[in-house]
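A structural walkthrough
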Amino acid sequence: MAEKKQGIDWSTIWKKDDWVSVWIGFLILILFMAGVKFGLPKWGWMTDGAFQSKVAGWSSKVEALGKDAEKMDELGLKMGAASLKTALDAKNRADIGKVAGKVEKIAGDVKDAGLKGKAEKLAKEIKDSGGRTFGKMFAGGNLLTALYALIGFWVLAALGILIMGQPVGKFIIAFPFVFILSFIAGIIGGNSTISYWGLETVFWALLLGLLISNTIGVPGWLKEAVKTEYFIKIGLVLLGAEILFTTIVKVGAYGMVQSIIVIALVFYFCFWLAKKLGLDDEFASILGTAVSICGVSAAIAAGGAVKGDPKKVSHTISLVLLCAIPMLIFEPIIAKAMGWLPAMTGAWLGGTIDTTGAVVAAGAIAGPEAMSVAVVVKMAQNVLIGVAAFLLAIWFVFRGKEGGEKPGAAEIWFRFPKFVVGFIIASIVFSFFLTEAFAKGVTSGSAPLRSWWFNLAFICIGLDTNFKELVAMGGGRPAAAFLIAQVFNILLTLLLAWLIFGGVLFPIPKF
C-alpha cells in the first residue's frame, strides 16, 4: 500500500469555506478601509402604544430642560422646549417628531456644553422615536437600500461559492429567499420592546428557519443557499477586527482570572459529563467549548478544530440560543432581588450568558455599572476563542496517534480552523497597524455587516434543523449534557463573581 501523502493541500485555500470565508472577510474590511460605504436598511421601530408610554417621562424632562434654558438665558432653547412640551401634551406622534427635530437644531447653537449635550440627546431621542414607525421600514428609500444590500451580499456570497467550485447558478436563485427571511427577522427583532428584552434578531432568524423546516419543510432548491458555516465564518473574520488586543488590558486581571477558571472547569465538567452520557470526544468538545466560552462563535471554532459534523455544531448552536433567552431575562432579575453588588452581577452575567448581545441586554436590565462589567468579562472570554481552538486542534491530532508517534506540523495545521487565522490577523492589524480613530471608523461600518452575516447564518441553522432529528440525535443526551453543564456554569461563575468581584478576596474593582 502506498504511503499516505503528507503535507499541506494548497488547493484548500480556494476550495474550502474555511479559507474562502477569510478572503471574503478581508475583502470587506479592505473595501471599508478604502472608504467604501455600504448602507443597510433600517428596521428599528416602535409601536404607537410604546411611544405613548414614554410621552409622560419625556414631558417632564422637556419641562426641566426649559427651566435650565431659562436660567442660562438660552431663550431660543426655552421657546423650543415650550413648543415641544405643548406637542407632547397633545400626544400627536408625527407633530412630536417634527418639533423635536427643530429643538435638536436649536440645541446645536447653545453655548453651554453641558446644556447643549443634554438638549441634543433628549431631542434626538424623541425625534428618532417619533419617526421609527412600522410603516417607515417599507418606505421607498428603505426598501431601495434593502435591495442594494441584497445585491451586495448576493455578489460577495456568490463570489465565494464560485471560487469553491460549487453550483453558483443554483445558489444565485435560492439566496434572495434566505435574505428576505433575514430581513423579516430583522423587522421582528427591531421592535423596541422586543429588543429591550434582549430577544435579538438572530433569535428570530433561528425561529423563522425552525418554523419553516419543522412545518412546510425546506425545498431542495432552497437548500442550495443554506450555507451556515460559510456565512458565520465570514462574520467571525469581521468580528476579529472589532476585538482588539488592547481589550485584554482593559478587561483587567480580575476578568481574565475568572474567565480562565470558568473555561477550564466548565469545559472539563461538560466534557466529562458528555462522555459519561455516551457521546464521542468530538461532540463533547463542541458542547464543552460552547458552554464554557461564548456559545455560538466558540462552537463554530471548536467544530472546525476537531473537524466536527456540522449537524453537531448546529445542534449546539440551537441549544446556546434557546438557553440564552431565559438566562438574560431571569439572571438580572434574580441579582436585583438578592441585592448583589453591580460588579458582582455583571461578572456573573458576562461569565454565564453565551452571546455578547444577550449579555448587553441582560446588563441593560441590571443597570449601567453591571452592564459595563458584564461586557468586560464577556470580552475576556471572547479573546480566548482562538486559544481554545488551537489547543483542541493539537489535542485531536495527538489523540489519534498510537505508540507515541508524533504528528507532523502539517496535520496540526490541517486540524486548525483557518477562519480563526483570519480572526487573529484582523485583530492584530486593527490593534497595532491602524490608528484607533481609523479602526473604529472602519468597524462602525463593518460591524452591521457582520451582524447580518450572522443573521443569514442563523436563518440557515433553523432551515437545517429538524426537531425530530434533534431529539433523535443522541436520544436527547447532548441537550442533557449542555443543560446540566450550564447549571454548573451558572453556580460556579456565581461563586467566582462573589469571591473576585464581590469584595471578598480583593477590593471591589472600578470600571
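On a predicted model such as this, the values are computed, not experimentally measured, just so you know. (Residues numbered from 1 in each chain as written. Predicted model: local features only at pLDDT ≥ 70, side-chain atom pairs only at ≥ 80, totals over all residues. Heavy atoms only, no water.)

Side note on the overall build of the protein chain
Of the regular secondary structure elements, the protein chain holds 24 helices and zero strands. The buried share of the protein chain, reckoned over its 511 residues, is 51%. In the protein chain, 79% of the contacts between residues at least 6 apart in sequence involve partners at least 24 apart. Counting only carbon and sulfur atoms, one obtains 68% of the accessible surface of the protein chain, whose full area is about 23100 Å². (Helix = DSSP H or I, 4+ residues; strand = E, 2+ residues; numbered from the N terminus. Buried < 20%, exposed > 50% of the residue type's maximum accessible area, 1.4 Å probe, protein only. Contact = heavy atoms within 4.5 Å. Areas by Shrake-Rupley, 256 points an atom, 1.4 Å probe, with all protein chains shown as cover.)

A few points about the nonpolar core
Counting 133 residues, the largest nonpolar core has Phe231 and Trp453 as its most contacted members. Considering each element in turn, this core owes the most residues, 13 residues, to helix 22 (residues 436-463). Ignoring anything within four residues of it in the chain, the contact list for Phe231 reads Ala157, Phe171, Phe175, Ala225, Trp453, Leu456, Ala457 and Cys460. Among the nonpolar cores identified, the runner-up in size contains 24 residues, and Val55, Leu65, Ala87 and Ala107 belong to it. (Core = buried A, V, L, I, M, F, W, Y, C linked by side-chain atoms within 4.5 Å.)

Quick word on the pattern of salt bridges
Pairs may arise between side chains of opposite charge once their charged atoms sit close together. For the structure on display, the rule yields twelve salt bridges. With a closest N to O distance of 2.8 Å, Lys127 and Glu104 form a salt bridge. Here Lys127 is found in helix 6 (residues 113-131), whereas its partner Glu104 is found in helix 5 (residues 93-107), with 23 residues between them in sequence. Accessibility expressed as a relative area gives 27% for Lys127, which makes it partly exposed. A single salt-bridge network, built from bridges that share partners, covers Asp280, Glu282 and Lys312. (Salt bridge = Lys/Arg side-chain N within 4 Å of Asp/Glu carboxyl O.)

A short note on the side chain of Ser21
Of note, Ser21 is situated in helix 2 (residues 17-33). Not counting chain neighbours up to four residues away, the residues in contact with Ser21 comprise Tyr230, Lys233, Ile234, Val237 and Phe419.

So, the confidence of the model for the protein chain
A residue-level look at the protein chain finds 87% of positions with pLDDT of 70 or above and a mean pLDDT of 83. Of all helices and strands in the protein chain, the one with the weakest mean pLDDT is helix 20 (residues 409-415) (57), whereas helix 8 (residues 168-189) scores best (94). Here residues 1-6 scores under 50 on pLDDT; set against residues more than four positions off or in separate chains, the count is zero contacts. Per-residue pLDDT stays below 50 along residues 401-405; that stretch engages in two contacts with residues further than four places along the chain or on separate chains. (pLDDT = per-residue confidence, 0-100.)

Looking at the packing of aromatic side chains
Tallying each qualifying case throughout the model produces 22 aromatic pairs. Ring geometry for Tyr230 against Phe231: centres 5.7 Å apart, planes inclined by 35°, an arrangement best described as tilted. Residue Tyr230 is classed as buried on the basis of its relative accessible area, which comes to 2%. For Phe231, a relative accessible area of 0% corresponds to the buried category. (Phe/Tyr/Trp six-rings, centres within 6.5 Å; stacked < 30°, edge-to-face > 60°.)

Re the packing of helix 3 (residues 48-71) against helix 6
Two numbers describe how helix 3 lies on helix 6: the axes approach to 11 Å, and their chain directions differ by 155°. It follows from the interaxial angle that helix 3 and helix 6 lie roughly antiparallel. The hand of the helix 3/helix 6 crossing is left-handed. Of the residues in helix 6, those in contact with Phe51, Trp58, Lys61, Val62, Leu65, Asp68 and Ala69 of helix 3 are Leu115, Lys118, Ala119, Leu122, Glu125, Ile126, Ser129 and Gly130. Of the residues belonging to the contact of helix 3 with helix 6, the class tally is nine nonpolar, two polar and four charged. (Axes fitted to C-alpha atoms, helices over the stretch in contact; angles between N-to-C directions. Parallel < 35°, antiparallel > 145°, perpendicular 65-115°, else oblique. Left-handed = near helix turned anticlockwise from the far one by under 90°. Nonpolar A, V, L, I, M, F, W, Y, C, P; charged D, E, K, R; others polar.)

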